[in-house]
Amino acid sequence: MIVCKFGGSSLSDASKIKQVCSLMLENPERKIMVVSAPGIRQSVVPDRKVTDLLLSIVKESEAGRDGLEDRRLIAQRLQDIALGLSLSDAIASELSTDIDRLAMQLDPQDRSTRDALLAMGEVASARLITAYLQKEGHRARYVDPREAGLMLTYRAGVTEILPETYENLAPLSLTDEIIVFPGFFGVTPEGDTITFSRGGSDITGAILAAAVHARLYENWTDRDNVLAVNPELIEDAAPLTEISYREMRELAYIGFSIIHHEALEPVLKSGIPIHIRNTNKPSSPGTRIIAERTHIDRIVTGIAASDNFCSVNMRRILINQEIGILSRILTIFAELGINVHHVPTGIDSVSIIVREDQLPLEIELALRQRLSRELNLHQVTVVRQLSIVMLVGEGIRDTVGVMARATTAMAREKISVEMVVLDYFEISVVFLMRHYEKQRAVSALYREFFENESEHPANK
Ligand code: ASP
């Protein structure tokens, strides 16, 4: 069985929905379709995603307004889709009535009222698509994640999947009709609607693929491939046809946004491949994300970069001889609620890399006080406005000289690197630098590992 997930841009209007339905019907192995809310239409400029309109209703409500204009826009959008699919008006009006009712019930103290409203974009897509498939004479069924038992909970600011979810959804593998499943939300043990973070339909697709032991998870989007570098940094970056889960995880962690970074976890255990494909160009090879790559054609698979990091640097003579010092430092960070990314250490120094938004000035002050009072760390410097530039590739592990080539390439451009982190598994190398060096560093590394790659002795 193949589980397909279609993103909002592939469902933005009736003609796109028809295209997506043909894709589903083309291959009898495609039995489950997970759908997002209608996204941006290319024909309407400027346009808004239905989820953004729903979020706007929430904001309006918090400001004491009724969000009438947003509701009107959604109602119009759903009606247009229904009309374009030659469905009766009734279904779109019913959905709009539900949205009106949920908007009235919004309560800022109760997150579930917000999530129930936000889920309506996906519910609407799924209901309209089911009705269309049925009208066309196909066997199709809407399955609501809340009834099917996609159990989620909210913990420490993140939506987590509860283990019983997989068992609850497993029977869907027996289906002989097309299942249309709205993405992005599930239900808590208390029976409340709960959403993932934005883009969360990718996670729903991955959960279903794992639950029904799918052969493949097809993630349909509006791009041909994952590219080796964000096109904003390198124009015409090389397309990637195959990458490993590990590579995707590393790249997604700082900036590669083609698939939600939490979507890998459910399929990871069972090793189900993910195939990223373009709805507008199904003939394009797309990008396969697989458990183990058998053929590594390049040392570096991708280069990711991200701004807004900072380092907290601590120095004290003989710090490395003190057993437990790292744990005490990290405990202070944890108690102040600061999420730590990297911890490079020296003989007499420890640096902690965090995102800048984790360290507003008042937290920095509290941190300095505690480090000084509790651990005698008086020499603490904080360097802000750092960027991370990261080389990712399964080939790094087995190649000698990657670090030398990378640093030489950057040195040629007079780029000063503040810190380097290479983990034991050697699948990524992280360079920290001042933010204004980022673009030049990415260009230098791209030239070194992609453009000049075939000339390098290691590849001959
Ligand atoms: N509709 C939601 C969003 O716009 C979820 C998704 O599309 O995956 O973020």
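Residues numbered from 1 in each chain as written. Predicted model: local features only at pLDDT ≥ 70, side-chain atom pairs only at ≥ 80, totals over all residues. Heavy atoms only, no water.

**Q** Explain the layout of surface pockets here, please?
**A** With a probe scaled to a water molecule rolled over the atoms, the places where space remains empty come into view. Approximately 830 Å³ is the volume found for the largest pocket. Around the largest pocket, the lining comprises 38 residues; the ones closest to its centre are K5, G7, G8, K49 and G199. Elements represented by at least two residues in the lining of the largest pocket include exactly α9 (201-211) and β9 (216-221). If you tally residues by element for the lining of the largest pocket, the top one is β9, at 3 residues. In this structure, the second largest pocket occupies an estimated 580 Å³ of space. (1 Å grid on protein atoms, 1.4 Å probe; cavity = no way out; pocket = protein on both sides within 12 Å on 5 of 7 lines; lining within 4 Å. Points joined across faces, edges and corners; volume = space filled by probe spheres on them. Helix = DSSP H or I, 4+ residues; strand = E, 2+ residues; numbered from the N terminus.)

**Q** What is the right way to read the packing of helix α2 (residues 50-62) against helix α3 (residues 68-84) from this model?
**A** Contact geometry of α2 with α3 gives a least axis separation of 9 Å together with a crossing angle of 155°. By the angle between their directions, the pair α2 and α3 is classed as roughly antiparallel. Along this stretch, α2 crosses α3, giving a crossing that reads as left-handed. Together, V50, L53, L54, S56, I57 and E60 of α2 and D70, R71, L73, I74 and R77 of α3 make up the contact between the two elements. Residues of the contact of α2 with α3, tallied by class, amount to 6 nonpolar, 1 polar and 4 charged. (Axes fitted to C-alpha atoms, helices over the stretch in contact; angles between N-to-C directions. Parallel < 35°, antiparallel > 145°, perpendicular 65-115°, else oblique. Left-handed = near helix turned anticlockwise from the far one by under 90°. Contact = heavy atoms within 4.5 Å. Nonpolar A, V, L, I, M, F, W, Y, C, P; charged D, E, K, R; others polar.)

**Q** How should the sheet that holds strand β16 (residues 340-342) be read in this particular structure?
**A** Hydrogen bonds between backbone groups are what pair the strands of a sheet, and the pairing can be parallel or antiparallel. Reading across from one edge, β16-β17-β15-β18-β20-β19 is the order of the 6 strands in this open sheet, with antiparallel pairing throughout. One side of each edge strand has no neighbouring strand; the edge strands of this open sheet are β16 and β19 (417-422). Here the strands of the sheet are splayed against their neighbours by 40° on average, with no regard to which way each runs. As judged from the 7 bridges shared by strand β18 (residues 379-392) and strand β20 (residues 428-434), these two strands associate in the antiparallel manner. If you follow S387 over to β20, its bridge partner there is M433. On the sheet, helix α14 (residues 402-412) packs against β18, β19 and β20 and is oriented at approximately 25° with respect to β20. (Pairing = 2+ DSSP bridges.)

**Q** How do you make sense of the pairing of strand β14 (residues 287-290) when you look at a structure like this?
**A** Looking down a regular strand, the side chains alternate between one sheet face and the other. With 3 bridges joining them, strand β12 (residues 242-244) and β14 adopt parallel strand pairing. Paired with S244 across the two strands is I290, which belongs to β14. Alignment of strand β13 (residues 274-278) against β14, held across 3 bridges, turns out to be antiparallel. Looking at β14, one finds that H275 is bridged to R288.

**Q** Just checking my understanding: could you explain α2 for this structure?
**A** Side chains that are three or four residues apart share a direction in an α-helix, a result of its 3.6 residues per turn. Between the first and last C-alpha of α2 there are 19 Å, a value that for 13 residues agrees with the 18 Å anticipated at 1.5 Å per step. Listed as buried for α2 are V50, T51, L53, L54, L55, S56, I57 and V58. In this structure, the buried side of α2 is in contact with α3, α4 (89-104), α5 (111-118) and α6 (120-135). Remark: G64 follows α2 within two positions and exhibits a positive phi of approximately 85°. (Expected span 1.5 Å × (residues − 1). Buried < 20%, exposed > 50% of the residue type's maximum accessible area, 1.4 Å probe, protein only.)

**Q** Can you walk me through the site of the ligand in this structure?
**A** Close to the ligand lie S36, A37, T51, E122, F184, R198, G199, G200 and S201. With respect to the ligand, the side chain of R198 contributes an N or O atom lying 2.7 Å from an oxygen atom. When isolated, the ligand has an accessible area of 260 Å², and the protein chains bury 91% of it. A breakdown of the residues in the shell around the ligand according to their chemical character gives 2 nonpolar, 5 polar and 2 charged. (Near = heavy atom within 4 Å. Polar contact = N/O pair within 3.5 Å; in protein donor to acceptor, adjacent residues only side chain to side chain. Areas by Shrake-Rupley, 256 points an atom, 1.4 Å probe, with all protein chains shown as cover.)

**Q** Teacher, can you tell me more about the sheet that holds strand β1 (residues 2-6) here?
**A** In spatial order, the strands read β3-β6-β2-β1-β9-β13-β14-β12; together these 8 strands make up an open sheet with mixed pairing. Since the sheet does not close on itself, it has two edges, and those belong to β3 (140-142) and β12, each with one partner. Neighbouring strand axes in the sheet, compared pairwise and without regard to direction, differ in orientation by 20° on average. Relative to strand β6 (residues 178-182), strand β2 (residues 30-35) is paired through 4 bridges, and the arrangement is parallel. Bridge pairing in β6 places V34 opposite F181. Packing of helix α1 (residues 14-26) onto the sheet brings it into contact with β1, β2, β6 and β9, and relative to β2 it is tilted by some 155°.

As far as function goes, none of this settles anything; it's purely spatial.
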